[in-house]
Amino acid sequence: MLDGLNALAATYPNIKVVTVEYATMMLPEKADLFWTTENYHDFHNGPTADIAALDKAVFNNLKPGGIFYVEDHNAADNAGLEATSKFHRMDVAVAKSELTAAGFKLDAEGDLLRNPSDNRAGSNSESGHFVSDRFMLRMKRP
C-alpha cells in the first residue's frame with residue numbers, strides 16, 4: 001500500500017507520507033488535515049487500542065484550525081462501543097464524545113452518505129460495503 005501512497009506523494013509535492021504509531025505520533029511539522037474513512041471503529045479494537053491517545057495525538061499534530069475528518073459506518077443509536085468489534089460500526093454519539101474529549105470542536109456534519117434503509121444493528125458487510133449508513137464528521141482543532 002505504501003507504494004501507491006509514495007507515488008502519489010512524488011506527483012504532488014505538498015503530500016508527505018509518514019509511517020507512525022498512531023497513539024504516539026510526532027510529525028515533523030503540524031498538518032492541516034487528518035482523514036479516516038470507514039475505520040475509526042477499528043481503532044477501538046485489539047489489545048493495544050487506545051482511542052483517547054490516538055485522538056489526542058491527531059489533535060496535537062494538527063495546526064490550529066486544522067481538520068480531523070472522520071467518516072464511518074453508523075451503528076444503531078445507543079449501540080455503544082460493543083458495535084466496534086461486533087458489527088464493525090461506530091456509534092456516532094460515542095465518536096463525538098471521544099473527539100470532543102480530545103479537544104476537537106464539531107465543525108460540520110454531513111448526511112450525503114446516509115442510508116436510512118441500512119440495518120445499523122447488523123454488520124456493515126450485510127448490506128454491502130458501499131451502501132451502509134455512514135456518518136461524516138468534520139472536527140476542528142480550535
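See the structure above.
Below is a summary of the structure that appears in this document. Because the structure is predicted, anything quoted here is derived from the model rather than measured.

1. Section: the layout of surface pockets
Item 1. Roughly 1400 Å³ of internal volume is contained in the largest pocket.
Item 2. Lys 16, Val 18, Leu 33, Phe 34 and Trp 35 are, among the 31 residues lining the largest pocket, the residues nearest its centre.
Item 3. For the lining of the largest pocket, the element with the highest residue contribution is strand E1 (residues 31-37), accounting for seven residues.
Item 4. A per-class count over the lining of the largest pocket returns 21 nonpolar, five polar and five charged.
Item 5. Volume-wise, the second largest pocket comes out at about 220 Å³.
Item 6. For the second largest pocket, the lining is made up of 14 residues, of which Tyr 22, Phe 43, Thr 48, Ala 49 and Asp 50 are closest to its centre.
Item 7. Taken together, the residues of the lining of the second largest pocket break down into seven nonpolar, four polar and three charged.

2. A closer look at the sheet that holds strand E4 (residues 134-140)
The strands that make up a sheet are held in pairs by hydrogen bonds between backbone atoms, and each pair lies either parallel or antiparallel.
Item 1. Read from one edge to the other, the open sheet built from four strands follows the order E1-E2-E4-E3, with strand pairing classed as mixed. Across the chains shown, the open sheet's two edge strands, defined by having one partner strand only, are E1 and strand E3 (105-110). This sheet shows a mean twist of 15° between the axes of neighbouring strands, independent of strand direction.
Item 2. Here six bridges tie E1 to strand E2 (residues 62-73), and the two strands are oriented parallel to one another. Looking at E2, one finds that Thr 37 is bridged to Glu 71.
Item 3. On top of the sheet, helix H2 (residues 51-60) reaches E1 and E2; it is set at about 140° to E2, its chief contact.
Item 4. Where helix H4 (residues 92-101) meets the sheet, its contacts fall on E2, E3 and E4, and the angle it forms with E4 comes to roughly 15°.

3. Some remarks on unusual backbone geometry
Item 1. Phi at Asn 78 takes a positive value of approximately 65°, unusual for a residue other than glycine.
Item 2. With respect to the helices and strands, the residue Asn 78 is situated in the loop between E2 and helix H3 (82-86).
Item 3. Since its relative accessible area comes to 76%, Asn 78 is described here as exposed.
Item 4. At His 88, a residue that is not glycine, the phi angle is positive and equals roughly 55°.
Item 5. With respect to the helices, strands and loops of the structure, His 88 is situated in the loop between H3 and H4.
Item 6. What makes His 88 partly exposed here is its relative accessible area of 35%.

Definitions and cut-offs
- Residues numbered from 1 in each chain as written.
- Predicted model: local features only at pLDDT ≥ 70, side-chain atom pairs only at ≥ 80, totals over all residues.
- Heavy atoms only, no water.
- 1 Å grid on protein atoms, 1.4 Å probe; cavity = no way out; pocket = protein on both sides within 12 Å on 5 of 7 lines; lining within 4 Å.
- Points joined across faces, edges and corners; volume = space filled by probe spheres on them.
- Helix = DSSP H or I, 4+ residues; strand = E, 2+ residues; numbered from the N terminus.
- Nonpolar A, V, L, I, M, F, W, Y, C, P; charged D, E, K, R; others polar.
- Pairing = 2+ DSSP bridges.
- Axes fitted to C-alpha atoms, helices over the stretch in contact; angles between N-to-C directions.
- Contact = heavy atoms within 4.5 Å.
- Buried < 20%, exposed > 50% of the residue type's maximum accessible area, 1.4 Å probe, protein only.

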